[in-house]
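Structure assessment
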Amino acid sequence: MSEILQASRRSLLAGLGGLGLSGAVSACATTPIGASGSPGFTPRRIAPILMTPNRIIRITVCTRPFRATGPRLDVERIGETSVVHNYGHGGSGWSLSWGSSAIAARKAMTLAGQAGGTPTIAVIGCGALGLTSALTLQRMGARVVIHAKDRATLTRSMRATGTWTPDSRIADADRMGADFPALWAQMARESWAAHQTYLGADGDPVVFRDRYLLSGGDLPEGAARPPIVSAPGAMEVKFATFDNPLAGLSPRSIPLPASASPFAVSETRLTSGLQFNVTELAHRLETEFLLNGGRIETRAFHSPADIAALPEKVVVNCTGYGARALFNDMEITPVRGQIAWLAPQSEVDYGLHFRGVTVISRPDGIVVQDTRNDMNGYGVDDETPDRAEAEATIGVVAPLFPQVRPLSSGPAGRT
């Protein structure tokens, strides 16, 4: 499996099907770590995930802003105001945030520098792209104010899975420009380097987690799954993939022999993936911005004229899906994605992919998400949580942990 497949969940997980759990799991299972097939592995103990619907603490839905030609990073003039756009990253917002923001910030500083002195630049939006744009501008020497309707905790960025997926619905291969693959690789590499500066920081805003990628096995199918749904009349999109431009960046996966896997499957691969603890990361970035002298103004924008009315005459627009209405950018297509959140388990320090379902352990909960098809949710802007979909997705993974049972109806019921 190539390095680029390790860099993107969609690419990484393509073609990986079911997995199962070998034997009964009580408190732990053991998994050796080391070179594949080599003797003398040191066993690693993993805790089972309590994969039952009664553990759901919330269900979130996000409309990811897909643009067929890729993120918008051009400059637009609105009256006397120069607007540098930085939006439309599909499912790759956190992953590409620093690299994309560096491009936008350099353009903004060039525009602001024409007036001389210390520039004051506005950023619209307080999600992943807004925060990283604001911090990048501060590090370049600008005074920065963020104008946003909501603070970070209420933005769509907070509903992200939180994994390194730099090419998740980033562009349509048939519509992106010839120079986009190189631009994408630049953004990905800059972001990869910037994210790693937060490794080991208090609160672990960015971490690496082991991830099991499995296929085969004889486990029961579990719950029936909802069909793949996209907007009526939607044409199949050829989502862009790239030919290994990130070679050597991510850890490579290794195969585990059956005797070394806790899962009853025909193939088990173990890798380590970059992961964002989104709640902590957003809090840290917002706090860093404010401590650096930035300020956040609560303001809603209804038209480009509202932007032109700002006192700052250089503006970086990081409104994400909101840019569809604000700038009438009909190229933005919503892609609905839902996550079922199970109560956190601090003892679970790994993730897995099983039959098209991705499971990620974060401090704020266990993410369970159907990731089997990129067209699922394409063109759908309905953000209403679907409990039946959440329970069915959990049911796909539940056979991995047969010792876990739902709470009984009696007063002494236990999971």
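Structure report, in brief. Keep in mind the model is a prediction, meaning the values are calculated, not measured.

Quick notes on the rules
- Residues numbered from 1 in each chain as written.
- Predicted model: local features only at pLDDT ≥ 70, side-chain atom pairs only at ≥ 80, totals over all residues.
- Heavy atoms only, no water.
- Helix = DSSP H or I, 4+ residues; strand = E, 2+ residues; numbered from the N terminus.
- Buried < 20%, exposed > 50% of the residue type's maximum accessible area, 1.4 Å probe, protein only.
- Pairing = 2+ DSSP bridges.
- Axes fitted to C-alpha atoms, helices over the stretch in contact; angles between N-to-C directions.
- Phe/Tyr/Trp six-rings, centres within 6.5 Å; stacked < 30°, edge-to-face > 60°.
- Lys NZ or Arg CZ within 6 Å of the ring centre and 35° of its normal.
- Salt bridge = Lys/Arg side-chain N within 4 Å of Asp/Glu carboxyl O.
- Contact = heavy atoms within 4.5 Å.
- Left-handed = near helix turned anticlockwise from the far one by under 90°.
- Parallel < 35°, antiparallel > 145°, perpendicular 65-115°, else oblique.
- Nonpolar A, V, L, I, M, F, W, Y, C, P; charged D, E, K, R; others polar.

Of all residues except glycine, most have a negative phi; of all peptide bonds, most are trans. Positive phi, close to 50 degrees, is recorded for Arg 169, a residue that is not glycine. With respect to the helices, strands and loops of the structure, Arg 169 is situated in the loop between strand E7 (143-148) and helix H5 (180-195). In this model, Arg 355 sits at a positive phi of 50 degrees, which is unusual for a non-glycine residue. Checked against the element boundaries, Arg 355 lands in the loop between strand E14 (350-354) and strand E15 (357-362). Look at Arg 355 and you get buried, because its relative accessible area is 13%.

Turning next to the sheet that holds strand E8 (residues 206-215). Strand order in this open sheet of eight strands is E3-E13-E16-E15-E14-E8-E10-E9, and the pairing throughout is mixed. The sheet is open, and its two edges are formed by strand E3 (56-67) and strand E9 (254-256), each paired on a single side. With direction set aside, neighbouring strand axes in the sheet form an average angle of 30 degrees. With six bridges connecting them, E15 and strand E16 (residues 365-370) associate as antiparallel partners. Residue pairing across strands places Arg 362 opposite Gly 365, the latter belonging to E16.

For the rest of this paragraph, the subject is the packing of aromatic side chains. Describing an aromatic ring pair means giving the distance of the ring centres and the angle of the ring planes. Taken as a whole and assessed by the stated rule, the structure comprises ten aromatic pairs. Geometrically, the ring pair formed by Tyr 212 and Phe 263 is edge-to-face, given 5.4 Å between the ring centres and 65 degrees between the ring planes. Of the two residues, Tyr 212 sits in strand E8 while Phe 263 sits in the loop between E9 and strand E10 (267-276), which places them 51 residues apart along the sequence. Taken individually, Tyr 212 and Phe 263 each receive the classification buried, so the pair is uniform in this respect. The ring of Trp 341 has Arg 58 sitting right over it, with the charged end atom 4.2 Å from the ring centre.

Moving on: the pattern of salt bridges. Overall, the coordinates contain 18 salt bridges when judged by the stated rule. The shortest N-O distance in the salt bridge between Glu 76 and Arg 72 comes to 3.2 Å. Judged by its relative accessible area of 25%, Glu 76 falls in the partly exposed class. Judged by relative accessible area, which is 17%, Arg 72 ranks as buried. Of the charged contacts, one joins Glu 391 and Arg 387 as a salt bridge, the two residues approaching to 2.8 Å between their closest N and O atoms. Placement of the pair is Glu 391 and Arg 387 together in helix H9 (residues 387-397), with a separation of four residues, close to one helical turn. Of the residues examined, Glu 391 reaches a relative accessible area of 32% and is grouped as partly exposed. Linked by salt bridges that have partners in common, Arg 58, Arg 362 and Asp 364 make up one network.

The next thing to look at is the side chain of Asn 86. Counting through the fold element by element, Asn 86 comes out in the loop between strand E5 (81-85) and helix H3 (93-113). Leaving out residues up to four positions away in the same chain, Asn 86 has contacts with Arg 72, Leu 73, Ser 100, Ser 101, Ala 104, Leu 129, Ser 133, Val 316, Asn 317 and Cys 318.

Let us look at the packing of helix H4 (residues 128-139) against helix H6 (residues 278-291). Where H4 contacts H6, the axes come no closer than 10 Å and their chain directions differ by 35 degrees. Crossing of H4 against H6: the hand is left-handed. Counting all contacts with H4, which are made through Leu 131, Thr 132, Ala 134, Leu 135, Gln 138 and Arg 139, the residues of H6 involved are Ala 282, Leu 285, Glu 286, Glu 288 and Phe 289.

Moving on to the packing of H3 against H4. Where H3 meets H4, the closest approach of the two axes is 8 Å, and the angle between their N-to-C directions is 45 degrees. Between H3 and H4, the angle is such that the two are oblique. When the axes of H3 and H4 are compared, the crossing they make is right-handed. For the pair H3 and H4, the contacting residues are Gly 93, Trp 94, Ser 97, Trp 98, Ser 100, Ser 101, Ala 102, Ala 105, Ala 108 and Met 109 in the first and Ala 128, Leu 129, Thr 132, Ser 133, Leu 135, Thr 136, Leu 137 and Arg 139 in the second. For the contact of H3 with H4, the residue count by class is ten nonpolar, seven polar and one charged.

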